[in-house]
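# Coordinates in review
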Amino acid sequence: LAVSQSSFTCSNLGSNSVTLTVTGNDGNTATCLATVTVVDSTAPATVCQNATVFLNGSGNATIASGQLDGGSSDNCGSISLAASQSSFTCANVGANAVTLTVTDNSGNSAFCTSIVTVIDSTAPTAICQNIAVDLNGGPSVTVSPSQVDNGSSDACGIQSLSLSDTSFT
């Protein structure tokens with residue numbers, strides 16, 4: 001028995017025609033055709049890496065799936081990458097687990113998890129207004145931060161307002 005092709009690689013994925021030659025003890029031969037279907041059923045090897053992203057002044061940030069890939073590969077060539085989350089807002093400040101799915105051309109998939117650390121490094125905008133306070137005949141007056149604030153803002157919200165001096169005599 002002999003076949004026209006007995007070794008297959010990723011370049012042979014799909015249907016391959018193979019000729020089988022049968023030789024009898026008397027030296028006579030006969031042939032027939034068979035189809036050998038080569039299938040890639042091996043999932044890609046996934047390698048994740050963590051990422052850090054900084055929110056912009058509007059409180060938004062995005063990542064590309066490739067930023068989470070640390071060298072994933074496949075036995076039969078190219079892969080595609082998809083992150084379970086690519087957009088982040090103020091609600092995501094801190095560590096976020098994001099799944100990276102790696103898929104090969106044969107539809108085999110594997111996944112790994114990266115940590116995306118979201119950082120809000122944009123300072124708030126402080127807007128002050130001048131105020132006049134009346135002692136009302138007393139020896140002192142106290143001013144609150146809200147009296148001096150004139151619409152201060154931050155994309156991720158203002159945690160607190162404070163004044164350098166709140167008591168006047």
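Placed above this text is the structure.
Here goes a summary of the coordinates provided. Only a predicted model underlies this, so the values are computations on that prediction, with no experimental measurement involved. (Residues numbered from 1 in each chain as written. Predicted model: local features only at pLDDT ≥ 70, side-chain atom pairs only at ≥ 80, totals over all residues. Heavy atoms only, no water.)

### Focus on the sheet that holds strand E3 (residues 29–38)
With antiparallel pairing, three strands are arranged side by side in an open sheet as E1-E2-E3. The open sheet has two edge strands, strand E1 (2–3) and E3, and neither has a second partner. Across two bridges, the pairing between E1 and strand E2 (residues 14–23) is antiparallel. Pairing of valine 3 across the sheet is with leucine 20, part of E2. (Pairing = 2+ DSSP bridges. Helix = DSSP H or I, 4+ residues; strand = E, 2+ residues; numbered from the N terminus.)

### With respect to the state of the cysteines
Under the defined criterion, the tally for this structure stands at three disulfides. The partner cysteine of cysteine 10 in its disulfide is cysteine 76, sulfur to sulfur 1.8 Å. Here cysteine 10 and cysteine 76 share a disulfide; its torsion about the S-S bond, -70°, makes the bridge left-handed. Note that cysteine 10 is positioned in the loop between E1 and E2 and cysteine 76 in the loop between strand E5 (60–62) and strand E6 (79–83), a separation of 66 residues in sequence. Given a relative accessible area of 19%, cysteine 76 falls into the buried group. For the protein chain, the bonded cysteines pair up as 1-3, 2-5, 4-6 when numbered in the order they occur along the sequence. (Disulfide = S-S within 2.5 Å. Buried < 20%, exposed > 50% of the residue type's maximum accessible area, 1.4 Å probe, protein only.)

Treat this as a map of the structure, not an account of what it does.
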